[in-house]
There are 2 protein chains.
Amino acid sequence: MMTNIFTQFPIAALNAVEETFETLVDRPDVRIERIISSGQASPPGFWYCQPQSEWVIVLQGCAGLRFENESDVRELRVGDFVTIPAQCRHRVEWTDPNGPTVWLAVHYDMPESDKG
Amino acid sequence: MMTNIFTQFPIAALNAVEETFETLVDRPDVRIERIISSGQASPPGFWYCQPQSEWVIVLQGCAGLRFENESDVRELRVGDFVTIPAQCRHRVEWTDPNGPTVWLAVHYDMPESDKG
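Since the structure is predicted, the reported quantities are computational estimates derived from the model, not experimental observations. (Residues numbered from 1 in each chain as written. Chains lettered and ligands numbered in written order. Predicted model: local features only at pLDDT ≥ 70, side-chain atom pairs only at ≥ 80, totals over all residues. Heavy atoms only, no water.)

Moving on: the pairing of strand β1 (residues 20–26) of chain A. Residues and elements named next belong to chain A. Here 6 bridges tie β1 to strand β2 (residues 30–37), and the two strands are oriented antiparallel to one another. Pairing of T20 across the sheet is with I36, part of β2. Taking the residues that link successive antiparallel strands as the turn, the β1-β2 hairpin has 3 residues. (Pairing = 2+ DSSP bridges. Helix = DSSP H or I, 4+ residues; strand = E, 2+ residues; numbered from the N terminus.)

Glancing now at the relation of the copies chain A and chain B. Its rotation angle being 180 degrees, the transformation that places chain A on chain B also includes 0.0 Å of axial translation and leaves an RMSD of 0.0 Å. On this basis, the relationship between the two copies can be described by a two-fold rotation axis. Considering only C-alpha atoms, the residue of chain A closest to the rotation axis is A:D29, which sits at 3.0 Å. Looking at the interface residues of chain A, 96% of them are also at the interface in chain B, so both copies use one shared face. (Least-squares fit on C-alpha atoms with pLDDT ≥ 70 in both. Contact = heavy atoms within 4.5 Å.)

A few words on the interface of chain A and chain B. Listed as interface residues are 25 residues of chain A and, on the opposing side, 24 residues of chain B. The contact between chain A and chain B buries some 2,100 Å² in all, and 66% of this surface belongs to carbon and sulfur atoms. Considering only the surface of chain A that becomes buried against chain B, A:D29, A:W55 and A:F81 emerge as the three largest contributors, covering 24% of it. The tally of links between chain A and chain B comes to 2 salt bridges. Between B:R27 and A:D109 there is a salt bridge, with the nearest N and O atoms lying 2.9 Å from each other. Taken together, the connections running from chain A to chain B amount to 10 residue pairs in polar contact (both at pLDDT 80 or more). Contributions of two or more residues to the side of chain A that touches chain B are made by β1, β2, β3 (53–60), β6 (81–84) and β8 (101–108) of chain A. Considered class by class, the residues forming the side of chain A that touches chain B number 15 nonpolar, 4 polar and 6 charged. (Buried area = accessible area lost by both parts, 1.4 Å probe. Salt bridge = Lys/Arg side-chain N within 4 Å of Asp/Glu carboxyl O. Polar contact = N/O pair within 3.5 Å; in protein donor to acceptor, adjacent residues only side chain to side chain. Nonpolar A, V, L, I, M, F, W, Y, C, P; charged D, E, K, R; others polar.)

The next thing to look at is the packing of aromatic side chains. Residues and elements named next belong to chain A. Counting across every chain of the model gives 4 aromatic pairs over all chains. Considering the side-chain rings of W55 and F81, the 5.2 Å spacing of their centres and the 35 degrees angle between planes classify their relative orientation as tilted. Placement of the pair is W55 in strand β3 and F81 in strand β6, with a sequence separation of 26 residues. Here the two residues W55 and F81 agree in accessibility, since each one is buried. For the cation-ring pair, R91 lies above W47, with the distance from its terminal atom to the ring centre recorded as 5.9 Å. (Phe/Tyr/Trp six-rings, centres within 6.5 Å; stacked < 30°, edge-to-face > 60°. Buried < 20%, exposed > 50% of the residue type's maximum accessible area, 1.4 Å probe, protein only. Lys NZ or Arg CZ within 6 Å of the ring centre and 35° of its normal.)

Moving on to the nonpolar core. Among the nonpolar cores identified, the biggest contains 32 residues, and A:W55, A:V106, B:W55 and B:V106 are the most heavily contacted of them. If you list the elements that add at least two residues to this core, you get β2, β3 and β8 of chain A together with β2 (30–37), β3 (53–60) and β8 (101–108) of chain B. Apart from residues no more than four positions distant in its own chain, B:V106 is found in contact with A:V30, A:I32, A:V106, B:V30, B:R31, B:I32, B:S53, B:E54 and B:W55. (Core = buried A, V, L, I, M, F, W, Y, C linked by side-chain atoms within 4.5 Å.)

Written out as structure tokens, the structure is:
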């Protein structure tokens, strides 16, 4: 069982094969997730558009986060956090090419239909 | 507006006067909070016993967390996280005396009566 956010990275993350998503808390009203990126970005033209709100913080590495309604990419460094409202289109422009970027995401305000 | 978890510490935290608690997200189903300790511990004989569950991670410094139903104090270092179930009695035995300890806490599973 993982008990430290900076350890026990999945093999796929260690080998930079793909981004990895691990759920740490999964409840009807909240989901806490560790995401590890290794230089990946969202595919060209892809936008996340989520039914729930997300509070996300970068705990290791760095990343560029773009919101469709903003002209500049937001650069996130260690400790930077941002709230992404539900239905707000956004994408990851880049993540640190030199090592893992560790994100902690809290998803909340689930739509009623998703509540258990 | 604070956008980095490691900056803009309140004066009381910087001067180690008291622990500080700042709410970053406040919704009916979830509350995300930054806590800064500066060597403080829970008062003798004091136990936290909360109606909601709490997922908490130490992001800077270190701390000793005691659960009433465990004999050993859990030592939390940077990146260590723990889930504290609702109504589980616990206390902070110690925090880093040499500098700020930064906690990120996510409170969830609010009792029905507290839901907005």
